[in-house]
Structures are given as structure tokens and as C-alpha cells.
Amino acid sequence: MIAKELIARLSSRTGMTKEKTTRLMEATATGLTQTLTAGNVVQWMNLGTLENKERPARTIVHPKTGEKHVTPAKQVITFRPSVSLKESLK
Amino acid sequence: MKQEHKISWVELRQIVAQNAGVSNKDAATFLQALTDEIIAAMKAGDSVRINHFGTFRAQQVASRRSVNVSTGEQIELPAHFKPVFAPEVAVRTAVSGQRKRKLAEGNVDPIQKLSEQADEIVDILADMGQGPKAEEVVEQPAPQAVEEPQVVEEPQAAEAIVQSSPQVAEPAQPKRKPRLWLTAGLTVVFFLILLIGLVFFFQYKMEEWFDALRAKTEGTELVITEDEPFDIIEEEDTIPVEPTVIEEVKPTKAVKAPVKKAVAKPRNALLQREYTEFIATIRLNEGSRLAWEAYKYYGRKDLWVYIYDANRDRLKHHSKIKTGTTIRIPKLTQEQLEQITPEAQHEVEYLTTIIMEQEP
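What counts and what doesn't
- Residues numbered from 1 in each chain as written.
- Chains lettered and ligands numbered in written order.
- Predicted model: local features only at pLDDT ≥ 70, side-chain atom pairs only at ≥ 80, totals over all residues.
- Heavy atoms only, no water.
- Axes fitted to C-alpha atoms, helices over the stretch in contact; angles between N-to-C directions.
- Helix = DSSP H or I, 4+ residues; strand = E, 2+ residues; numbered from the N terminus.
- Parallel < 35°, antiparallel > 145°, perpendicular 65-115°, else oblique.
- Left-handed = near helix turned anticlockwise from the far one by under 90°.
- Contact = heavy atoms within 4.5 Å.
- Salt bridge = Lys/Arg side-chain N within 4 Å of Asp/Glu carboxyl O.
- Polar contact = N/O pair within 3.5 Å; in protein donor to acceptor, adjacent residues only side chain to side chain.
- Nonpolar A, V, L, I, M, F, W, Y, C, P; charged D, E, K, R; others polar.
- Pairing = 2+ DSSP bridges.
- Buried < 20%, exposed > 50% of the residue type's maximum accessible area, 1.4 Å probe, protein only.
- Core = buried A, V, L, I, M, F, W, Y, C linked by side-chain atoms within 4.5 Å.

Peer 1: Which residues make up the packing of helix H1 (residues 3–14) of chain A against helix H2 (residues 24–43) of chain B, and what values go with them?
Peer 2: With their axes 10 Å apart at the nearest point, H1(A) and H2(B) run at an angle of 125 degrees to one another. The angle between the axes of H1(A) and H2(B) places the two elements in the oblique class. The crossing of H1(A) and H2(B) is right-handed. Facing Leu6(A), Arg9(A), Leu10(A), Arg13(A) and Thr14(A) of H1(A), the residues of H2(B) in contact are Thr29(B), Phe30(B), Ala33(B), Leu34(B), Asp36(B) and Glu37(B).

Peer 1: Before we move on, could you go through the interface of chain A and chain B and cite the residues and values that matter?
Peer 2: When the parts of a complex come together, some accessible area is lost, and that lost area is often used as the size of the interface. Between chain A and chain B, the contact holds 49 residues from the first and 56 residues from the second. Seen at the junction of chain A and chain B, the total is 4 salt bridges. Linking Glu37(B) and Arg9(A) is a salt bridge whose minimum nitrogen-to-oxygen distance equals 3.5 Å. Along the contact surface separating chain A from chain B lie 11 residue pairs in polar contact (both at pLDDT 80 or more). If you list the elements that add at least two residues to the side of chain A that touches chain B, you get H1, helix H2 (18–37), strand S1 (41–44), strand S2 (48–55), strand S5 (74–81) and helix H3 (83–89) of chain A. Among the elements that make up the side of chain A that touches chain B, the one with the highest residue count is H2(A) (16 residues). Among the residues forming the side of chain A that touches chain B, the class breakdown is 25 nonpolar, 16 polar and 8 charged.

Peer 1: Can you tell me about the pairing of strand S4 (residues 68–71) of chain A, naming the residues and giving the values?
Peer 2: Residue and element names in this part refer to chain A. Of the strand pairs in this sheet, strand S3 (residues 58–61) and S4 are connected by 4 bridges, and their pairing is antiparallel. When the sheet's bridge partners are listed, Thr-59 is paired in S4 with Val-70. Turn length for the S3-S4 hairpin, with the two strands adjacent in sequence and antiparallel, is 6 residues, and the turn residue Gly-66 shows positive phi of about 75 degrees.

Peer 1: Please provide a residue-by-residue account of the pattern of salt bridges, values included.
Peer 2: Tallied over the entire structure, the rule returns 12 salt bridges over all chains. Put simply, Arg13(A) and Glu37(B) hold a salt bridge, and the shortest N to O gap is 3.1 Å. Separated into two different chains, Arg13(A) in helix H1 and Glu37(B) in helix H2 make up a pair that spans both. Since its relative accessible area comes to 43%, Arg13(A) is described here as partly exposed. Note that Lys296(B) is salt-bridged to Glu293(B), the shortest N-O span being 3.5 Å. Here Lys296(B) pairs with Glu293(B), and both are found in helix H11 (residues 290–298), just 3 residues apart, close to one helical turn.

Peer 1: Quick rundown of the nonpolar core? Include the residues and the values.
Peer 2: If you look at the biggest cluster of nonpolar residues, it comprises 44 residues, and the most contacted ones within it are Trp44(A), Leu50(A), Leu34(B), Ile38(B), Ile50(B), Phe53(B) and Phe56(B). If we skip the residues at most four places from it in the chain, Ile50(B) touches Met25(A), Ala29(A), Trp44(A), Leu34(B), Ile38(B), Phe56(B) and Glu88(B). Counting 26 residues, the second largest nonpolar core, distinct from the first, contains Ala291(B), Tyr298(B), Leu303(B) and Leu351(B).

Peer 1: Give me the packing of helix H1 (residues 9–20) of chain B against H2(B): which residues, what numbers.
Peer 2: Residue and element names in this part refer to chain B. At a minimum axis distance of 8 Å, the contact between H1 and H2 shows a crossing angle of 115 degrees. Classified by the angle their axes make, H1 and H2 are roughly perpendicular. Considering how the two elements wind past one another, H1 and H2 form a crossing that is right-handed. The segment H1 lies against H2, with Trp-9, Leu-12, Arg-13, Gln-14, Val-16 and Ala-17 engaging Asn-24, Ala-27, Ala-28, Leu-31, Gln-32 and Thr-35. For the contact of H1 with H2, the class distribution of residues is 7 nonpolar, 4 polar and 1 charged.

So, in C-alpha cells, the structure goes:
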């Protein structure tokens, strides 16, 4: 589902104008990005948890040459779906 | 990461409302609708993309075999969908950039901490009414330092702190101290190395002297048993080239007299020796010995005299062979190689004698 479609659906669902929905979408995206970048955990009701986690450094093996490299540790966003969502998808 | 905490649904609603400039209620309805849409799309196997944030979608997981850990019986995990989220590249880089910032902060932290601590100590001391200056703080003994007793007890620790905290501006005196220590330590190490070197050098020298002495005594023994062949030359492989001069000159002189009598006749013939056939051409390396080459090519070390004799134009002196010189190994007759006949033995002895007589 592309953004345009999503906004159309959402505006019909909530009864808001498309402009307002677009603004809300942007606000949601920036708000989530900012909170996650600050290192916070977002608990999204019914959907799951978005978390800013550290992925520790690890050695990886180049599949072709067999060389070993160390990938440095980095911060990643992880999504842990809620149990209800997982069950409903099964 | 300082203010890390969980953003609840209510807080998320507030953030969104604030960002969009709408009421909390509107934001709540919108978020609820968004959540419902996402879940519905996932159930339909579709993906939902939130621009500038990421994509939620349902990912298919193939069925796989597994083992029930407690019973050991094989079970098959059925295929299913699992919800996944893929953040957009911009978000990913923003998050990893946050890590870089964090690391940079972490690097600065300890120094800042130390300087802060130093500031605190200064403040405390100032509060105590004595009003000492920053320079005196570190040098003053125990009673005043409440927070950090280590700082005052150990001058080295104090200096470390002072060095890392530029706020506590220290004059030259304490800064000079570690340098003094450093120079003193370096000089001590230098003299130690010198001493060790001297010890080793003298040990080596002593060995040399002892060798020379031993050679002398052996030489005198040789005088008594005149007919003995050149044992000393065979020892050559254990002794470097230069010392051989000292050792070998004496024994040969001792044996010289009888040899001369025996080989008096063919002297001219021996001097006009010509080498026409060569079995090898070699380059002298560091540590090469003529005796050793002789042993390699002829099987006898004492036949090195032939090699030297054949290369007189290239080797100036038998004990001063130069690395990098190319020499040729002459071919010897069977008689010369075996050294059974007295003629052959005399030949070698005579050659050795005249080579050894050569001025260095």
C-alpha cells in the first residue's frame, strides 16, 4: 500500500481532510524518528514495540573469499510485534 | 540515551498532536485508524509504508522441522506470517549517527568528569573558608580533601588529574615532575642496557682469549708428536675466520721444519700448480668458510688449501675472505682427495705451510 492510498483510506476512516491526514502522517513519522533517535522506546498499542538497540560488533565471514571481518557495533531500530498481532497473523 | 524511557500510547499521541498542530483527540483517532489500517494490511499480506519512517509488512516464514526439546520427538512448525518493520535509510542513518555522537561524548566524558571533580574540590575548599588557590589544592596534604583522598595522598595521581583537567590551571612546577621522572627512568634504562652490553662483550672477549690460550697449549703438544696431521684445521668450522690466524700460525710453524725437509724436492713443481678443471663456482656469503666449502665438495676440511690456491687472484688472504667474492672450486685427482699416499699428504701440508706463512 503506497502513501497516497493509505492517506485516502485513513481520511475516509476518520472523516478528516486529506491535508490534515497528510500532516498527521508526517507528524507521526517525524515524531517517531525523533523519539527513537533520542534512544527512547515506543510502545505502540496493539502493534508492538519499536526500540533503538545496540547491535554489538561481530565477526562475519565473506562467503566467497572466506575472509573474516569485524563489523563494528551500531545502533539499529528493532520492531518487536505484540503477541496479539503475531497470533492474529498466524 | 540519557533520558531513555518508554514512550507510551498517551505520550505518542501528545507528540503527534504537537508536531501536527492538532488536538490530542484528533491525533488519537488518527493513530488508532493508522494502527487498524496497518494491522488490516498485514493480515491481507500487504505492506504499509509510512513516508520518512519505514514499512510494516507481513513476512512469510516457511515451515520447518524442529525437535521438541523435552521429549525429543520431531515436530513440524507450520508456515506462518510474521510482522516485520523495515526503517527507511534516512532513519537508519539518523539512528547510527546518534551512536557516533554517543561515542564521541563517551570519549570526552572521563576528562570532563575529572575536570568537574577538580572544580568541585576547589569549590569545597573555598567553602571551608581557607580560600586556597587552585595551584595549592593538589599539593596540600590530607585534611582538606574530603571528596578525593587519593588525589592528595598520591602525588602521581594528583598530577594525572591535573594534566587531564585544563580548568585547574597548574603552573610549571607539578608539570615538570613527571618529565623529570621520565628522563631519570630513561637514563637508568640506558645505563642498564649499556652494562648488559659490556658484560656480553667481555664474555665474548674472554672466550676468545681462552681459545687462543688453548690453541697455544695444543701447539706445544704438536711439537712433541711431530707426525700428527693437521687436527687443528679440522676444528675450523667452529671458529670464525679471523681467530684462525692466531691459532693456526703457531702449530704450522711447529711442524714446518720436518715438512720442509720432506717436500724439499718438488717445491717448484708445487708452486707452478695449475687448475684447469673446476667442479663448481660459488659466491661467498656471510659466514662462509673455505674449510667448510672443502668439506662440502671434497669431503675433507683440510683440503681447503686447494680452493684457496686456485683462487689466489681473488682471495688476498686466507683469513680475510670477503663476502660476495665468487670463487671456483677446482677438481682434484683421486689421489689428492683420498690423502692416502704420502705424496698427497705432503702436498697438502706444504700448501698449508706456505699459505699460513703469508703476511696478513
